[in-house]
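Structure at a glance
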Amino acid sequence: MRADKLLRVVDNLSFTLKKGEAYGLIGPNGAGKTTTVKMIVGLTSPDSGTISIFNQSNTSLEVRQRIGFMPENPAFYAYLSAQEFLWFVARLFHIEKHEAKARISKILKSVGLDQAADRAIRGYSKGMKQRLGLAQALVNQPDILILDEPLDGLDPLGRSDIKDYLLEMKKSGTTILLSSHILSDVEEICDRIGIIHRGTLIEEGAIDVVIPKGMNLEEYFVKTIKSRK
Amino acid sequence: MNTIITIARNTFKETIRDRILYSVTFLGILYMIFIFFLSTISLDQGPRVVTDFGLVGILFFGIAISIFIGANLLYKEIIGGTALILFPKPISKMQYIIGKFFGLTCTIILVSLILTIIFIAGFWLQNHKWPQIIVYETIVFSILEILIIVALTILFGSFSNPISSSLYSLALFLVGHSYSLIVRTATMGGNKFVIGLSKVIYYIFPNLEKFNLRIYAVHDIAVSSGELLSGFIYAVIYITFLLFVATVALKKREF
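Residues numbered from 1 in each chain as written. Chains lettered and ligands numbered in written order. Predicted model: local features only at pLDDT ≥ 70, side-chain atom pairs only at ≥ 80, totals over all residues. Heavy atoms only, no water.

Comments concerning the overall build of chain A
Each helix and strand in chain A was counted, giving nine helices and ten strands. Radius of gyration (C-alpha) of chain A: 18 Å, near the 17 Å computed for a compact globule of 229 residues. Its C-alpha atoms put chain A at 50 × 40 × 35 Å along the principal axes. The 229 residues of chain A split such that 52% are buried. Sequence separation of at least 24 residues holds for 66% of the intrachain contacts in chain A that already meet a minimum separation of 6. With the model as given, the accessible surface of chain A reaches about 10800 Å², and the carbon-plus-sulfur share is 48%. With 31 positive and 28 negative side-chain charges, chain A shows a spacing of 3 Å between the two charge centroids. (Helix = DSSP H or I, 4+ residues; strand = E, 2+ residues; numbered from the N terminus. Rg over C-alpha atoms; globule rule 2.2 N^0.38 Å. Buried < 20%, exposed > 50% of the residue type's maximum accessible area, 1.4 Å probe, protein only. Contact = heavy atoms within 4.5 Å. Areas by Shrake-Rupley, 256 points an atom, 1.4 Å probe, with all protein chains shown as cover. Lys, Arg positive; Asp, Glu negative; His and termini not counted. Charge placed at Lys NZ, Arg CZ, Asp CG, Glu CD.)

Pasting the structure below:
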């Protein structure tokens, strides 16, 4: 639970991620998705309640070693290149030099930044920064990938590339928590969804169970939110 | 330790490419060249002009860099958003603060080294001899003073914006050099409260006059090793204290 003097941003929220699944956290603007994600990765702390990852506190360094996180609109050191930034991240995870070199080169290729790897990040477009945001979250080969609006600002081609990559990660056993308002992408990638509205989880379950036949996620989402107004 | 080195190396890389650094360093180099020409028209005061103004230049431009870059260092990270990427990684706030401090320290040392080389060249051209050991000790103590200001800007940067952070650091720089004046004024009044207050200022605010050896350098007077050691220990303790408080302030911050 996260509260301040004026408003409870997130209240009475509880959910569990199963190993290897992709969980979509969806909700209207201002519903509390980003705050929830920030609490999970330890950027902000709840006023009450607990968050556990791998049965440990979410703020422990051991847990952080196994998490990959991409914030909404990721920002970087303007004077560094993508290559330098990923090396910096690899060093923070104490990854061996030769291993880091191989991983960075593979990741840069996967997210489509290999041609721009040596350019200063300050010259990158929003889409390129989104790609780099995802790249830095993958350096430690995380067991859990937590992504806040990862497809925002990408062109259709970029969205398709990143979606394919996330599906590949899911296939390889990585657990994914995806916070997004692009519902068609959530529907494609995720196994389960949780709908947050005014800081509370109002609906949760497997996509194919929750959504009635003949409806897509977007239609179901709109109907659910409207029924709560 | 590896994490601190990684953050320090990254901070060094980032600050060394900052345009503000180039501007301040360029101005510093111009200043040093100007001092040399000034000394050539100062009749028999030339050597003194080079020593005095040269040493002031090394301190002044170091302070300028620490305030301009140091005040932005944490702010850019926190408000700019890189903190959102960094803090979920396996690093503690203490490692982060210490790393940032050492990264900027390396930048400051590099710039001070460039200015020192120009200063020594000017000194040699003016005196046809190398400076005495006290001149080098004065430069080292100036760097220690600059590092206290760096730690102050990091501390202020952990909870305020760059303008406030620069103003606070500048204010403490001025207070730190006015301690004897403050005590003298307080003692003259005889008010016990004011005298007590001046003592509080002494213990809380940095006594930067401890690092001012320029008068000894100008008159070529040696400083005892005990005095040098006490100044060094004072700087280490004060910087450690400031970085500790900065860590606590950062830990309390929500992102």
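So, next bit.
Some remarks on the overall build of chain B
A tally of helices and strands in chain B yields eleven helices and zero strands. For chain B, the α and β elements follow one another from N to C terminus as α-α-α-α-α-α-α-α-α-α-α. Taking 255 residues into account, the globule formula puts the C-alpha radius of gyration at 18 Å, and chain B, at 20 Å, falls close to it. Dimensions along the principal axes, computed over C-alpha positions, put chain B at roughly 60 × 50 × 30 Å. For chain B, contacts bridging at least 24 residues in sequence account for 80% of all contacts bridging at least 6. Looking at chain B as shown, the accessible area adds up to about 12100 Å², and 73% of this sits on carbon and sulfur atoms. In chain B, 18 side chains carry a positive charge and 11 a negative one; their mean positions are 10 Å apart.

Focus on the interface of chain A and chain B
Opposite the 28 residues of chain A that make contact, chain B presents 28 residues. Carbon and sulfur atoms supply 58% of the area that chain A and chain B bury against each other, a total of about 2800 Å² over both sides. Taken together, the links from chain A to chain B amount to one salt bridge. Two residues, Glu84(A) and Arg17(B), come together in a salt bridge whose shortest N-O distance is 2.7 Å. Linking chain A with chain B are nine residue pairs in polar contact (both at pLDDT 80 or more). Looking at the side of chain A that touches chain B element by element, the count peaks at six residues for helix α3 (residues 82–92) of chain A. Its residues assigned to classes, the side of chain A that touches chain B comprises 17 nonpolar, five polar and six charged. (Buried area = accessible area lost by both parts, 1.4 Å probe. Salt bridge = Lys/Arg side-chain N within 4 Å of Asp/Glu carboxyl O. Polar contact = N/O pair within 3.5 Å; in protein donor to acceptor, adjacent residues only side chain to side chain. Nonpolar A, V, L, I, M, F, W, Y, C, P; charged D, E, K, R; others polar.)

Let's talk about the packing of aromatic side chains
All told, the structure shown has 19 aromatic pairs over all chains when counted by the stated rule. One aromatic cluster is present, built from ring pairs that chain together Phe141(B), Phe211(B), Tyr234(B), Tyr238(B) and Phe241(B). Sitting over the ring of Phe54(A), Arg66(A) keeps its end group 3.6 Å from the ring centre. Its guanidinium or amino end placed over the ring of Phe87(B), Lys93(B) lies 4.7 Å from that ring's centre, counting from NZ or CZ. (Phe/Tyr/Trp six-rings, centres within 6.5 Å; stacked < 30°, edge-to-face > 60°. Lys NZ or Arg CZ within 6 Å of the ring centre and 35° of its normal.)

Examining the domain arrangement of chain A
Residue and element names in this part refer to chain A. Per the domain assignment, the segments making up chain A are domain 1 (1–66 + 143–229) and domain 2 (80–141). Relative to domain 2, the C-alpha centre of domain 1 lies at a distance of 24 Å. Facing 19 residues of domain 1, the contacting portion of domain 2 comprises eleven residues. Contact between domain 1 and domain 2 buries roughly 1200 Å² in total, counting both sides, with carbon and sulfur atoms accounting for 57%. By the criterion of area lost to domain 2, the three top residues of domain 1 are Gln-65, Ile-162 and Tyr-165, representing 41% of everything that side buries. (Domains from an automatic or database assignment.)

Focus on unusual backbone geometry
All names here are of chain A. The backbone phi angle of Phe-54 is positive, close to 55 degrees, even though this residue is not glycine. Topologically, Phe-54 is positioned in the loop between β4 (52–53) and β5 (56–57). We classify Phe-54 as partly exposed; its relative accessible area is 30%. If you check the backbone angles, His-94 has positive phi at about 55 degrees while not being a glycine. Mapped onto the fold, His-94 is located in the loop between α3 and α4 (97–110).

Concerning the packing of helix α8 (residues 179–189) of chain B against helix α9 (residues 192–204) of chain B
Residue and element names in this part refer to chain B. Running from amino to carboxyl end, α8 crosses α9 at an angle of 165 degrees, the nearest separation of the two axes being 8 Å. On the basis of their axis angle, the class for α8 and α9 is roughly antiparallel. Once α8 is placed against α9, the crossing between them reads as left-handed. Along the contact surface, α8 presents Tyr-179, Ile-182, Val-183, Ala-186 and Thr-187, while α9 presents Val-194, Ile-195, Ser-198, Lys-199, Ile-201 and Tyr-202. The residue inventory of the contact of α8 with α9, partitioned by class, reads eight nonpolar, two polar and one charged. (Axes fitted to C-alpha atoms, helices over the stretch in contact; angles between N-to-C directions. Parallel < 35°, antiparallel > 145°, perpendicular 65-115°, else oblique. Left-handed = near helix turned anticlockwise from the far one by under 90°.)

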